[in-house]
Amino acid sequence: VLQPSQVVAAAVQVAAALTELAELEKTRADRSHARLLARLMNDPDGQAFTTFLTDRVHRSRAAERVVGASRYLLRRLGVPTYLPGIARLQLQMLLRAGPFLPELAAHAMLRRLREETRDVVISAEESTLQAHLQTRRQQHVHVNINHLGEAVLGEQAAKARIDDYLALLVRPDVEAISVKLSSIASRIELLSFQETLDDLRPRLRAIYRAALAHHYLRPDGSRVPKLVSLDMEAYRDLRLTAALFTSLLDEPELRSLGPCIVLQAYLPDAFPLQQELTHWAVQRVHSGGAAVRLRIVKGANLAMERVESSQRGWPVPIYDTKGEVDANYKRMVDYGCLPEHARAVHLGIASHNVFDIALALTLRESRQVQAQVGFELLEGMADPLRRALQRVADDVLLYCPIVSETSMQTAIAYLTRRLDENTADENFLRRSFGMRVGDASWQSEQARFEAAYLSREQVASSARRLQDRRQTPERLAASSDFVNESDTDFSLPQNQAWITEALERCRTRECFDVPMQVAGESLFQEPFELGFDPSRPQLVPYRYALAAEADLERCLDAAHRVAPRFAQSTLAERSAWLAEIAHGLRGARAELIASMVLDAGKRVDQADAEVSEAIDFAEYYRRSFAEHCAVPQLRLSPKGVVLVTPPWNFPLAIPAGGTLAALMAGNTVILKPALETVLVAQRFAAICWQAGVPKHALQLLFCADELGSRLIRDARVQSVVLTGATSTAHLFKTMRPGLDLLAETGGKNAIVVSALADRDAAIKDALQSAFGHSGQKCSAASLLICEAEVYDDPAFQSVLQDAAESIPVGPAWDLRSVVTPLIRPPSGALLRALTTLEAGER
């Protein structure tokens, strides 16, 4: 058993030998390519040009757009200096002559891009793919086919992709394929974790069955089951992917199959999960099952994880430093190479870092696990290293992306990631193109390797995302800077359990009463109106009462009388109330979400974001108003009585925005919510009162629109805050000319899709906008404005239709659920009448 210092010393020697061997393996073309990439490292504008060009040019099929986009980049960034002379001359000609010969120029540009990427992304055309696989077989290289364009938007596309996988597995020349969850299902719902697992199992099971049924004949005459690698893309899919993998492989018919799962070492969670999978796999082998395979990668979705984390207010789930990633990678390799582990979990060491490869070679040799530890490289990225590695290791697997010639745009994300990796400052590949054993770059990488290996046991292995909504939220310091409230991370099991319990409490609660609050008095009187739950139209979840004229008068009188006194409240008092309201909203998040699901039929994730927005209003308004008060040139005074009239579709955030702004400015408020969502309004108002807002200063009034129009006309109401239809705003102005009206009204929301746009992203965003919250959002897109090329593209329309048709709309509704939403909320008499109808009479 080698000591850590001995492992390091041996690995460095192996790395040096492997590097020198790879240098000998280089062809003239390899050396030319390496020099090109070395020049690219020192040409930032060239890096930007290449990335933008890759991203844009393949998206359009119109010559004018291809040429226009290319010339725009050339004007902005210049001709890249890293390119050889003939390539720079071609780009100069494109810049000058492109507009006059667009078809020729576009053809030349696209041909050049395709030629440059042909060794990295292989054509899926039969003749090309067959020839490539045959060549690799003759070279004794194992190939793992990765069909690009992974994320499907619709169920028809998902079915077609599964058929593609099955067709690949039937081929005698295909040994291995990679599968991503996003390629076999158009919707992955973490809030329905078990249901999502149940939906994914038969899809992946069909692929596993095909792998088991069709063997690959290796050149040495051995027959092996085909290898299926289950890739883990995003952090949110980590636990789902692992659960799907283990639950399927525990099924008796798949006990003899040994597929692969991929873990990303830039996640601190990866090592504990590797341990869990290893313990499971050891038990599986002991009970007669086959060993499985684990591909260890460093991680390829850094930018995506950072963007999502920033948008949602979550910690980035990956390590802060490259050194930590390297250390965790080496810890995972070291753990996996232990004989008792490697016998149950074979390893695929996925790296182009010669020191990491040397480490695995050293460990597998010293621990006698050569048959269980292999190596995985990317197609077209390091062929000299691949040839050198094959001289000392017989298990070398090439990760080979394929794409059809007509769908090169689906390869853009992959190509962009590869460019990003090649040019990243801390990436080994950036330094490797001109590296020689013993030079400055070598010494730097050697020092990095030694430090990472020796610190592997010290690097943290606890998850970065620890949000637990079951815990009592912390109270923020009143003087802290404003930061957007974090949404709930529903990829975490504890948060899934938290919201499931809240929804169940709401679902099983017996019918209850929801009172108004008028002139400091809680009102609940007959005749009652019935609340409505869109998901359970046959049930009455709660009751409430509408205000009478006398109640309206008492409300107006109380608000008017209290207004001068409330205006004298101090800035500190009102700021403290809003801070306490924000804290109350945090503590009531689960109940508020459940109330919005019940009252408005909102999805949990959308309701959760609305709670965050309401908290942001409280925290932002108290800070921004204090800043206004500190400006000596401003003299601020409250308006008096403010009527807030929100819609039903955002039952918390919109009423919170108007109410909290008015209160912070020193106004008394009459909150008249939409009758469809009185429950959410009452819960919000209760949080405000509990925070210290006087009940005379914030009143809650339920009334029909006809009676409510008196509030608009009454001179005691100084200002009205409306979110609703433009026609409603005009009606209010007609009712009371000169009304101080703050109105957010309707419009025609459009999404513009250009020929250079990412069309899959456009479709995904359009459907989210149009149909999120059943299309009842103020910002719901109702119009796609497409360039002619996009509009006339049958593939675009087909994907759009497939994605729209794949949106689940729940079980079939009976007559009550069809009628009652049109008259929300239904009268008690009508609901009772519908309830008594026999099935044959509907």
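A brief look at the structure comes next.

The rules we used
Residues numbered from 1 in each chain as written. Predicted model: local features only at pLDDT ≥ 70, side-chain atom pairs only at ≥ 80, totals over all residues. Heavy atoms only, no water. Helix = DSSP H or I, 4+ residues; strand = E, 2+ residues; numbered from the N terminus. Rg over C-alpha atoms; globule rule 2.2 N^0.38 Å. Buried < 20%, exposed > 50% of the residue type's maximum accessible area, 1.4 Å probe, protein only. Contact = heavy atoms within 4.5 Å. Areas by Shrake-Rupley, 256 points an atom, 1.4 Å probe, with all protein chains shown as cover. Lys, Arg positive; Asp, Glu negative; His and termini not counted. Charge placed at Lys NZ, Arg CZ, Asp CG, Glu CD. Pairing = 2+ DSSP bridges. Axes fitted to C-alpha atoms, helices over the stretch in contact; angles between N-to-C directions. 1 Å grid on protein atoms, 1.4 Å probe; cavity = no way out; pocket = protein on both sides within 12 Å on 5 of 7 lines; lining within 4 Å. Points joined across faces, edges and corners; volume = space filled by probe spheres on them. Nonpolar A, V, L, I, M, F, W, Y, C, P; charged D, E, K, R; others polar. Core = buried A, V, L, I, M, F, W, Y, C linked by side-chain atoms within 4.5 Å. Salt bridge = Lys/Arg side-chain N within 4 Å of Asp/Glu carboxyl O. Patch = residues over 30% accessible without salt bridge, like charges linked within 9 Å, V, L, I, M, F, W, Y side chains within 5 Å. Expected span 1.5 Å × (residues − 1). Arc of directions from axis to C-beta. Phe/Tyr/Trp six-rings, centres within 6.5 Å; stacked < 30°, edge-to-face > 60°. Lys NZ or Arg CZ within 6 Å of the ring centre and 35° of its normal.

## A few points about the overall build of the protein chain
- The helix and strand tally for the protein chain stands at 34 helices and 23 strands.
- At 32 Å, the protein chain has a C-alpha radius of gyration in line with the 28 Å of a compact globule built from 842 residues.
- Relative to its 842 residues, the protein chain shows a buried fraction of 52%.
- Taking contacts inside the protein chain between residues at least 6 apart in sequence as the whole, the part at least 24 apart equals 76%.
- Summed over its atoms, the accessible surface of the protein chain is roughly 37200 Å², and 54% of this surface lies on carbon and sulfur atoms.
- The averaged location of the 103 negative side-chain charges in the protein chain is 3 Å from the averaged location of its 95 positive side-chain charges.

## Digging into the sheet that holds strand β15 (residues 528-530)
- The mixed open sheet is built from 3 strands, whose spatial order is β12-β16-β15. At either margin of the open sheet sits one strand with a lone partner, and together these are β12 (512-514) and β15. Between one strand and the next, the sheet's axes are offset by a mean angle of 35°, whatever the strand orientation.
- Bridge analysis of β15 against strand β16 (residues 542-545) gives 3 bridges, and the strand direction is antiparallel. Following the sheet pairing, E529 is matched in β16 by Y544.

## A word on empty space enclosed by the protein
- Counted by the stated rule, this structure contains 5 cavities of 30 Å³ or more.
- Put simply, the largest cavity is a space of about 50 Å³.
- In terms of lining residues, the largest cavity is bounded by F245, I261, Q274, L277, T278, V292, L294 and V345.
- Contributing elements (two or more residues each) for the lining of the largest cavity: α12 (270-286) and β8 (292-297).
- Considering each element in turn, the lining of the largest cavity owes the most residues, 3 residues, to α12.
- Residues of the lining of the largest cavity, tallied by class, amount to 6 nonpolar, 2 polar and no charged.

## Concerning the side chain of D802
- Position of D802 relative to the elements: it lies in helix α32 (residues 794-805).
- Once you skip the residues sitting within four places of it in the chain, D802 turns out to touch G154, E155, Q156 and A157.

## Section: unusual backbone geometry
- A positive phi angle, near 60°, is found at H140, a position not held by glycine.
- Along the chain, H140 falls in the loop between α7 (126-138) and β2 (142-147).
- Within the chain, Q368 stands out as a residue other than glycine whose phi angle is a positive 60°.

## Examining the nonpolar core
- In this structure, I145, I177, I207 and Y208 are the most contacted members of the largest nonpolar core, which totals 103 residues.
- Judged by nonpolar contacts, the second largest core, of 81 residues, contains L585, F625, A656 and L675.

## So, the pattern of salt bridges
- Enumeration over the complete set of coordinates arrives at 68 salt bridges.
- Between R589 and D608 there is a salt bridge, and its shortest N-O distance comes to 2.7 Å. You can see R589 sitting in helix α24 (residues 589-600) and its partner D608 sitting in helix α25 (residues 604-629), a full 19 residues away along the chain.
- Look at R589 and you get buried, because its relative accessible area is 2%.
- Where E619 meets R622, a salt bridge forms, and the shortest distance between an N and an O atom there is 3.1 Å. Here E619 and its partner R622 are both found in helix α25, 3 residues apart, which amounts to about one turn of the helix.
- The buried category is assigned to E619, whose relative accessible area is 5%.
- One network of salt bridges, with partners in common, ties together E25, D30, R136, E379, D383, R386, R387 and R391.

## Regarding the pairing of strand β7 (residues 260-264)
- Along β7, 5 of the 5 residues are buried, which leaves the element largely enclosed by surrounding structure.
- Residues of β7 alternate between two faces, with C260, V262 and Q264 on one and I261 and L263 on the opposite face, all of them buried.
- Judged from the 2 bridges that link them, strand β6 (residues 227-231) and β7 form a sheet pairing that is parallel. Among the inter-strand pairings, S229 is bridged to a residue of β7, identified as C260.
- Two elements, β7 and β8, share 5 bridges in a ladder whose sense is parallel.

## Focus: the pairing of β2
- Here β2 lies mainly inside the structure; 6 of its 6 residues are buried.
- The side-chain alternation of β2 yields two buried faces, one formed by H142, N144 and N146 and the other by V143, I145 and H147.
- Sheet topology note: the β2/strand β11 (residues 396-403) ladder contains 6 bridges and is parallel. Bridge assignment links H147 to a residue of β11, and that residue is I402.

## Concerning a nonpolar patch on the surface
- Among the surface-exposed residues, I86, L89 and M93 lie close enough to one another that they form a single nonpolar patch of about 320 Å² accessible area.
- For I86, a relative accessible area of 55% gives the class exposed.

## Let's talk about helix α23 (residues 571-587)
- For α23, spanning 17 residues, the distance from its first C-alpha to its last is 24 Å, which sits close to the expected 24 Å at 1.5 Å a residue.
- Every buried residue of α23 is accounted for by R574, S575, W577, L578, I581, A582, H583, L585 and R586.
- Buried residues along α23 sit against α22 (549-567), α24, α25, α26 (653-664) and α27 (678-690).

## Side note on helix α13 (residues 302-312)
- Of all the positions in α13, only E305, E308 and S309 are classed as buried. Buried residues in α13, looked at end-on, bunch into an arc of 100°, giving them a common side. Away from the buried face of α13 by more than 90 degrees, exposed residues A303, S310 and Q311 are located.
- Just past α13, the residue G313 takes up positive phi, approximately 75°.

## A word on the packing of aromatic side chains
- Considering all chains together, one arrives at 12 aromatic pairs under this definition.
- Between F617 and Y621, the ring centres sit 5.5 Å apart and the planes meet at 15°, which makes this aromatic pair stacked. With F617 and Y621 both in helix α25 and 4 residues apart, the pair spans about one turn of that helix.
- Arranged with centres 6.2 Å apart and planes meeting at 55°, the rings of Y620 and Y621 form a pair that is tilted.
- Taking the relative accessible area as the measure of exposure, Y620 reaches 44% and is therefore partly exposed.
- Assessed through its relative accessible area of 21%, Y621 is described here as partly exposed.
- Ring pairs connect the aromatic residues F482, F617, Y620 and Y621, which therefore count as one cluster.
- A cation over an aromatic ring shows up here: R509 above the ring of F512, its NZ or CZ 3.6 Å from the ring centre.

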